[in-house]
Each structure stands twice: as structure tokens, then as C-alpha cells.
Amino acid sequence: MLVNLLDFDLEHLSDYCESLGEKRFRATQLFRWIHQRGAQNFDQMTDLAKSFRVQLESHCTISPLKVLSRQNSKDGTIKWLFDVGAGDAIETVFIPEEDRGTLCISSQAGCAVGCVFCSTGHQGFSRNLSTGEILAQLWFAEHTLRAELDRPERIISNIVMMGMGEPLQNYSALAPALKTMLSDHAYGISRRRLTVSTSGVVPMIERLGRDAPVALAVSLHAPNDALRDRLVPLNKKYPLAELRSACVEYLSVAPRDFITLEYCMLEGVNDSLDHARELVQWLRPNPSERRVGLPAKINLIPFNPFPASGLVCSSNETVKAFSQALLSAGIVTTVRKTRGDDIDAACGQLAGEVLDRTNVQTRMTKQKVIPLHTHKLVESLL
Ligand code: SAH
Ligand code: SF4
């Protein structure tokens, strides 16, 4: 079987080159060809020895994902649906803004956490993506857009791991992917501009801090354990007190001096002023932290409804009142702006409606195509 070079960070690629009898530094050249120049053929890599290229050709591949569909929004947002085999599909979203380009990347096909307000969670878990499949989303988007816009310079400046899946439940594939995103020989994304969003896999927050301390967003959604147990079932394993300690610890290595907390506004569920007060209390210092408490920025997300959830988004007035309660307690709070609304129609809908947009062959083989929720993104977070 051919080795997919998108699966390697620079260190692993160096090991691999060494195993082929090449000098380790050759890996840097190869890595640049792949990630900085978007090369897919070894023939193009003219500064590598012909013998090395022949060897690469016979053992390796640079394996792209198959595009099932692409939607362009009027505001410039682009959404790709990729086939990852066996009836699974994942989604990647590009959000252009004046001063940056953000890519929202998936880490798993489906998700095992099962949050009640999340369409991915309702569909269940299919499988982890490999490092190569995580990176192929960035590799493809960056080089496709560069070619389309005829711009030699970097298009994607910010990355959010907020697509399908729980990134910290696929840590071994995630870590090399993050290292490649950060590498100056690849995408050179700054740690502040690379955000991992998690529902709270506590032990992996600590590991992330050691291996690749990027910006952290925690999907909180509730200010007490009883409610969070219902909304984010992982809370039963890692309750709020543990999550809070992990966040405080993470701040000592984080590229920013706050943690972003995401809070999806669900009518009559988690959106009362009592909940807001409880949240303020949760962020305040506890007796062992004399001063700071948990420095956090709260990002209120309007719930994107889908039929199976049985949930409704809080009204604008409720969101405003909730946000005001936090702001007047001195907590930085933003309400997530949405992008790509006109191509949002497919999101949160049932698989069959996605199938209609795919070709006949795909339609026959796709039984489990899962549309995503993360079409609506995040200006304030970035
Ligand atoms: N699994 C990770 C990252 C992917 S989800 C996590 O949960 O953080 C990315 C964000 O989208 C999370 O904050 C999640 O809570 C939010 N989200 C999921 N379903 C949503 C929906 N239907 N409406 C609005 N936000 C949603
Ligand atoms: Fe998984 Fe995140 Fe959706 Fe929860 S919100 S089910 S953790 S993708």
C-alpha cells in the first residue's frame, strides 16, 4: 500500500526519508513542495534527485479527498463536502473576511459525544479521520483558492477545528496535523490563529498544552453539572470543576490570556438570567484562586435548529438580555455572527437532502452522508 505523505508532520517525514536512505533535511524540501506549493506529483519536485523522486513515486502518494459538492455563498463563504469513503462525508468551510481567511476543518466522520443540540451528535460516530484526511482539507482549500484567485500568497490565515467531530477524541491524528499547520515550512499559521474547539476532553486539554498550545475554545453550554450532563453527555465523565481546572492550567501555556467559551442559546433550556448569573459565578475566583478566576470570553451562539433536536433558538431579546447580564458583570461577551446563510439551507437537514446534490453513483453508495452544523461561523471568535 502506498504511504500518504499528508499523514506526516515534518519530524515523521524526516524519519520516513531516512528510512528510504535519504538525508533527513531532504524532508524539508519535500514538505515545502507538498504544503507550500501544493504539489501532487513527484515529477514537479525538480530540486530533488531523480533517484529519490523515483523512489517516492513507487512508495508514496499525496492523497486528496474526493469532492462531493461545493457551495458558494453570496458573501464569499465556500462549503465543500468531501467523500471519505464507506458512505461517510465531511464538511469544510472557508470564510473570507477583509483582513483574514478562515478555514473550518472536520476531525471525525460523525461524533461520539452526542450533544443534544448538534446534528452531528445525533448521527453518531462513524470513524476518526487520519492526519492526512484532516490536512487534505487545508491542503486542498489553500491551493484550490490560490489557483482560482491567482494569488501566490497565503489565502488561509486562520483555522478553527470546529467542523464535524470532537478533535480531542482523535488526538493522535490531530497533533501531527496541528504541527503541520503551525510549521513555517508548511502553512505557517500562528498559534493565536489556530483554534481547537472541544466539548471538554479534560486529559487531552493538558496534552494539547504540552504538544501544540494553540488557542482553545471550550463548548460550555451550561453553567451547572445537572444541565450540562443533559446537553453535553461527556460532562458526566469530566464534570465542570475538572473542566474549569483544565482551562485554568491551559492558560499558562495558551497563546492568549483567556479561554473562549462557546454557549449555544437554547430557548427555555439554558438561556435564563439565572443561568447567566450562575455562569458569572462559575467564572469568579474560587477560594484557592485569590484573584483572577477563569479569564474567559463568552461567545453566544444562536442555535441552528434541525428537526430531530426538538429544540428552538432563544429569541433575540433573550440573547441580548443574557449577553447584557454577562457584560454588566464585566465578562467579555460576543454574539456569534453568521456567515454563508444563503448556503446554509443544507446544514442540519437530513442526509437524503444532501444526497440529492451528489451524482447518481454517489447517491447509490451514500447511505450515511451527514451534513454539518458549522456553516455558521464566527467572526468574533477569531
Ligand atoms: N466537537 C467540538 C468542535 C465541533 S462543534 C465542540 O463541540 O466544540 C463546533 C461548535 O458548534 C461547538 O461549539 C458546538 O457546540 C456548536 N454547535 C453544534 N451544533 C450546533 C447547532 N445546532 N447550532 C449552533 N451551534 C452548534
Ligand atoms: Fe460532537 Fe461537538 Fe457536536 Fe458535541 S457539539 S456532538 S462534541 S461535534
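What counts and how
- Residues numbered from 1 in each chain as written.
- Chains lettered and ligands numbered in written order.
- Predicted model: local features only at pLDDT ≥ 70, side-chain atom pairs only at ≥ 80, totals over all residues.
- Heavy atoms only, no water.
- Helix = DSSP H or I, 4+ residues; strand = E, 2+ residues; numbered from the N terminus.
- Buried < 20%, exposed > 50% of the residue type's maximum accessible area, 1.4 Å probe, protein only.
- Contact = heavy atoms within 4.5 Å.
- Pairing = 2+ DSSP bridges.
- Expected span 1.5 Å × (residues − 1).
- Axes fitted to C-alpha atoms, helices over the stretch in contact; angles between N-to-C directions.
- Near = heavy atom within 4 Å.
- Nonpolar A, V, L, I, M, F, W, Y, C, P; charged D, E, K, R; others polar.
- Core = buried A, V, L, I, M, F, W, Y, C linked by side-chain atoms within 4.5 Å.
- 1 Å grid on protein atoms, 1.4 Å probe; cavity = no way out; pocket = protein on both sides within 12 Å on 5 of 7 lines; lining within 4 Å.
- Points joined across faces, edges and corners; volume = space filled by probe spheres on them.

Q: If you had to explain the environment of glutamine 169 to someone new, which residues and values would you point to?
A: For glutamine 169, the position within the fold is in the loop between strand S9 (158-161) and helix H6 (171-182). Glutamine 169 gets classed as partly exposed once you look at its relative accessible area, which sits at 30%. Taking C-alpha positions, glutamine 169 is 8.9 Å from serine 107, a pair spaced 62 residues apart along the chain. In contact with glutamine 169, other than residues within four places in its own chain, are Gln108, Ala112, Val113, Asn128, Val201 and Leu234.

Q: Any details on the pairing of strand S12 (residues 259-265)? Residues and values, ideally.
A: For S12, the tally of buried residues reaches seven of seven residues, placing the bulk of the element in the interior. On S12, burial covers both faces: Ile259, Leu261, Tyr263 and Met265 on one face and Thr260, Glu262 and Cys264 on the other are all buried. Where strand S11 (residues 215-219) meets S12, three bridges bridge the pair, whose relative direction is parallel. By the bridge assignment, serine 219 is partnered in S12 with glutamate 262. Bridge analysis of S12 against strand S13 (residues 296-302) gives seven bridges, and the strand direction is parallel. When the sheet's bridge partners are listed, tyrosine 263 is paired in S13 with leucine 300.

Q: Which residues make up helix H5 (residues 131-149), and what are the values?
A: With 19 residues, H5 extends 27 Å from end C-alpha to end C-alpha; this agrees with the ideal 27 Å at 1.5 Å per step. Counting buried positions along H5 gives 16 out of 19 residues, so the element sits mostly inside the fold. Two residues or fewer past H5, aspartate 150 is found with a positive phi of approximately 55°.

Q: Before we move on, can you summarise the sheet that holds S13 with the specific residues and values?
A: The strand order across the open sheet formed by 10 strands is S3-S4-S5-S6-S9-S10-S11-S12-S13-S14, and the pairing between neighbours is mixed. Whereas interior strands pair on both sides, the edge strands pair on one side only; in this sheet they are strand S3 (66-72) and strand S14 (332-335). This sheet shows a mean twist of 20° between the axes of neighbouring strands, independent of strand direction. Relative to S11, strand S10 (residues 194-198) runs parallel, the two sharing four bridges. Each bridged residue has a counterpart across the sheet, and for threonine 198 the counterpart in S11 is valine 218.

Q: Requested: an account of the site of ligand 2, with residues and values cited.
A: Close to ligand 2 lie 10 residues; Cys111, Cys115, Cys118, Gly121 and Ser199 are nearest. Residues that form the shell around ligand 2 fall into these classes: four nonpolar, five polar and one charged.

Q: So, unusual backbone geometry: which residues are in play, and what are the values?
A: Glycine aside, residues mostly have negative phi, and peptide bonds are mostly found in the trans state. The phi dihedral of alanine 86 falls on the positive side, at around 50°, and the residue is not glycine. Of note, alanine 86 is situated in the loop between strand S4 (78-83) and strand S5 (89-97). With a phi close to 55°, aspartate 150 is a non-glycine residue in the positive phi region. One can find aspartate 150 in the loop between H5 and S9. For aspartate 150, a relative accessible area of 68% translates into the label exposed.

Q: Which residues make up the nonpolar core, and what values go with them?
A: Counting 108 residues, the largest nonpolar core has Leu5, Leu30, Phe117 and Met181 as its most contacted members. Setting aside anything within four residues of it in sequence, one finds phenylalanine 117 in contact with His221, Leu231, Val232, Cys264, Leu266, Phe303, Phe306 and Leu311. Residues Ile95, Cys104, Val160 and Met162 belong to the second largest nonpolar core, which totals six residues.

Q: Just give me the short version of the environment of tyrosine 263, but keep the residues and values in it.
A: Its place among the elements puts tyrosine 263 in strand S12. Overall, tyrosine 263 belongs to the buried group, its relative accessible area being 0%.

Q: Just give me the short version of the layout of surface pockets, but keep the residues and values in it.
A: Of the volumes computed, that of the largest pocket is approximately 170 Å³. Taken together, 14 residues form the lining of the largest pocket, with Phe94, Pro96, Leu149, Arg151 and Ile155 sitting closest to its centre. Looking at the lining of the largest pocket, the elements that each hand over two or more residues are S5, strand S6 (100-104) and H5. A class-by-class count of the residues in the lining of the largest pocket yields six nonpolar, two polar and six charged.

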